[in-house]
Amino acid sequence: MTRILIPSGALGLGYDQIALDRGVAARPDLIAIDGGSTDSGPSYLGRGLSKYTRAGTKAEWAGLIRARQAAGCPLVIGTAGTCGTDSTVDWLVDITHEILTEEGLTAKIATLKCEQDPAQIARAALTALPGAPDVDPDTIASCTHIVALAGAEQIMAALDTGADIIIAGRTTDTAIIAALPLQRGDHAGAVWHGAKVGECGALCATNPQSGVLLLDTDATGFTVTPLADGARATPHTVSAHMLYENSDPFILHEPGGYLDVTDATYTALDDRSVRVTGAEWHIADAYTVKLEGARIAGYQTVALVTIRDPHYVANAAAWCDDILQKHAAKVTARMGPQDYDCQLRIIGQTATLGALDHSPAPASEVGVLAIVTAADQATAHDIAKLLNPYLLHHPLTRDEEQPTFAFPFSPPEIDKGAAYAFVLHHVMTLRDPMDAFRLEVLA
Amino acid sequence: MIVRDVVTKVRSKNAGPFWLTIDIFCGTPDAFARIRDGLSTDRVATALATDPATIKRFDIAPLHVVKFSLPRPTVQGALDDRDMHGAGWAPLIAELDLN
């Protein structure tokens, strides 16, 4: 049997300290927390930066380091710093050293680095997953960062070092939870299923924001128990969690195989814990790791104008179309032929869904968000500046008095820097699970 | 009658940067049957301007859930993407007519 304490769905989201203390008192074998996700977009991977502040991350991580010290068990984080690049692993290592020094603690630290050389990946044999974009070697080589998602095997290797704190780059959400119970011989289907249910913390329970969750795995199944006051796991909340951000609610692919929960049964043990059995783990023929990459798609300048005049609100789409046409001609006339993208999104009508939105309700005002993307920032900025006279004064017809619209800012143009794009949705086959990864024990 | 009139909640989320998943929580066996029988995959495909053959459908009776997964209408974070977390597609499905 293995007992894993999961403080929350991600470092940075906060956790309930009283519930965490309860978890420590329950003598866990490991504390595991996820540090990231692609869900906030390609910029974090593209830049190799964390989504969360250093100060916020340090405060939460310090609490987990103290919990680890009290529990006397290893602490593992996967996908450190949102994207799990080498730079975000180093960032969290730096924060860890700072915490240990300030608290007068010592700990053996191991790092698992997952970053790949884009030039090498561009030449590697890759297999596209369903829904993958078309990519050519040049596009892959132009990525600013590529990471491979480590699985349970690489985390097991990190645990074997005897480290107290393991800081891993990009891993699957489940790997950091599954590694130890798999090493101990718990039921593989139950381990992976429990890891999937637990990877978002108490999201599989009522009071999902409370975070802290206890996961027990053994030879036949797993038991999940949320630890915050008022948080309850029920057969419904636990089984429904397999739907969450999963394209298939019954199958979960991992580097060494796949999980099938079709025949799982969920039983309430009491009013807060659920026991689950029946999931199956299938070992794959080949060991494959998924890759994620991001490249610069251009540089952006944005502007926002708001419109309250009912005549213009009612005709905002026609107004925008006319502006885009006149602006394109102006750009060519003033700057020569340019390769750029200019979009006007009407907030209050179709900004969220675009052409798919067939029946937006009439609003009393609209905002028009202008997004210009070009090959460099200066060009994007100038093209956005050429939009300004239109956004300020463009009349719907030649006959009407010159209108003036509302700008919330001066200057109205805001340079956003590089815009990144996700590039890879592919897997790479490894002969040995450690082939694409680097494990290091820090002195 | 539209989907929203019958169900507890419609949720759309990214399933990674390249997939979108839509969960319709029906709440009761009756509502589940109403959605299962009254909301065709073709109608969802039309609303999302996508090929119905690319949509995976799961009618999950024990949870009273109907789930649709499909390649994201725009890749997350691409220049044409309007919704980084993919939550904005849910109202579109909630507003669909039922047979």
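Described below are features of the structure shown in this document. For every chain, the first residue of the written sequence is number 1, and numbering continues from 1 onward in sequence order. Just so you know, chain letters begin at A and ligand numbers begin at 1, following the order they were written in. For a predicted model such as this one, the threshold for reporting local features is a pLDDT of at least 70, and the threshold for listing and counting side-chain atom pairs is 80 or more; totals across whole chains, interfaces and linings nevertheless cover every residue. Hydrogen atoms and water are omitted, and side-chain values are computed over all heavy atoms in the structure.

Once that is clear, we can look at the nonpolar core. All names here are of chain A. Put simply, a nonpolar core is a bunch of buried Ala, Val, Leu, Ile, Met, Phe, Trp, Tyr and Cys residues held in one set by side-chain atoms that sit within 4.5 Å of each other. The buried label applies to any residue whose accessible area, calculated with a 1.4 Å probe on protein chains only, is under 20% of its type's maximum; exposed applies above 50%, and partly exposed to all values in between. Core analysis: the biggest nonpolar cluster contains 60 residues, and Ile155, Leu159, Ile177, Val224 and Phe437 have the highest contact counts within it. Of all the elements, helix H8 (residues 175-183) adds the most residues to this core, at six residues. It only takes one pair of heavy atoms within 4.5 Å for two residues to be counted as in contact. In this structure Val224 touches Val197, Cys204, Leu213, Leu214, Leu215, Ala233, Val238, Arg272, Ser273 and Val274, once residues within four positions along its chain are discounted. Secondary structure elements follow DSSP: runs of H or I no shorter than four residues count as helices, runs of E no shorter than two count as strands, and numbering proceeds from the N terminus.

What follows concerns the interface of chain B and chain A. Each partner contributes to the interface: chain B provides 34 residues, whereas chain A provides 38 residues. Note on terms: buried area is the combined drop in 1.4 Å-probe accessible area of two parts once they are placed together, counting the loss on both. Overall, the association of chain B and chain A removes approximately 3000 Å² of surface from exposure, summing both partners, and the carbon and sulfur fraction of that is 61%. When the area that chain B buries against chain A is broken down by residue, the three leading residues are Phe18, Leu79 and Arg82 of chain B, summing to 26%. Whenever Lys or Arg places a side-chain nitrogen within 4 Å of a carboxyl oxygen from Asp or Glu, that contact is recorded as a salt bridge. Taken together, the connections running from chain B to chain A amount to one salt bridge. Across the pair Lys13 of chain B and Glu245 of chain A runs a salt bridge whose closest N-O atoms are separated by 3.2 Å.

Before going further, it helps to examine empty space enclosed by the protein. All names here are of chain A. Definitions used for this entry: grid spacing 1 Å over protein atoms alone; cavity, a set of points where a 1.4 Å probe fits but cannot get out; pocket, an open set with protein on both sides within 12 Å along at least 5 of 7 lines; lining residue, one with an atom within 4 Å of a point. Grid points are joined across faces, edges and corners, and a volume is the space filled by probe spheres set on the points. Here the structure, examined in full by the defined rule, presents two cavities of 30 Å³ or more. In this structure, the largest cavity occupies an estimated 60 Å³ of space. Lining of the largest cavity is provided by Leu11, Gly35, Ser50, Tyr52, Thr57, Ile77, Ala80, Gly81, Thr82, Trp91 and Leu92. Only strand E3 (75-82) and helix H4 (86-103) provide two or more residues apiece to the lining of the largest cavity. Top contributing element to the lining of the largest cavity by residue count: E3, with four residues. Each residue belonging to the lining of the largest cavity can be placed in one class, and the counts come to six nonpolar, five polar and no charged. The volume enclosed by the second largest cavity comes to roughly 40 Å³. In this structure, the second largest cavity is lined by Ser37, Thr38, Gly41, Tyr44, Leu45, Thr82, Cys83, Arg170, Glu292 and Phe422. Only Asp, Glu, Lys and Arg are considered charged in this grouping, and only Ala, Val, Leu, Ile, Met, Phe, Trp, Tyr, Cys and Pro are considered nonpolar; every other residue, Gly among them, is considered polar. Residue composition of the lining of the second largest cavity, grouped by class: four nonpolar, four polar and two charged.

This paragraph deals with helix H3 (residues 54-71) of chain A. Residue and element names in this part refer to chain A. Take the number of residues in a helix, subtract one, and multiply by 1.5 Å to get its expected span. With 18 residues, H3 ought to run about 26 Å at 1.5 Å a step, and its terminal C-alpha atoms sit 25 Å apart, in line with that. Every buried residue belonging to H3 is among Thr57, Lys58, Glu60, Trp61, Ala62, Gly63, Leu64, Ile65, Ala67 and Arg68, and all of these are buried. Looking at the packing, one finds that the buried side of H3 touches helix H1 (17-25), strand E2 (30-36), E3, H4 and strand E8 (165-168). Gly72 occupies a position one or two residues after H3 and carries a positive phi of about 65°.

Attention shifts here to the side chain of Lys196 of chain A. Relative to the helices and strands, Lys196 of chain A is located in helix H9 (residues 188-198). Polar contacts, as counted here, are pairs of nitrogen or oxygen atoms within 3.5 Å of one another; within protein the pair requires one atom able to donate a hydrogen and one able to accept it, and residues that are adjacent in sequence qualify only if both atoms are side-chain atoms. Among the polar contacts listed, one links the side chain of Lys196 of chain A to the side chain of Glu199 of chain A, at a separation of 2.8 Å.

Turning to the sheet that holds E3 of chain A, a few remarks are in order. All names here are of chain A. A strand pair is defined by DSSP finding two or more bridges across the two strands. With mixed pairing, the 10 strands of this open sheet are ordered in space as E13-E14-E10-E9-E1-E2-E3-E8-E4-E21. In this open sheet, the two edge strands, each paired with only one partner strand, are strand E13 (265-268) and strand E21 (438-441). Averaged over all pairs of adjacent strands, the angle between their axes in this sheet comes to 20°, without regard to strand direction. Pairing geometry for strand E4 (residues 109-113) and E8, over four bridges, is parallel. Within E8, the position partnered with Ala110 by the bridge is Ile166. Whenever a helix is involved, its axis is fitted only over the stretch in contact; in every case the axis is a line through C-alpha atoms, and angles between N-to-C directions fall within 0 to 180 degrees. Sheet contacts for H3: E2, E3 and E8; angle to E3, the most-contacted strand, approximately 170°.

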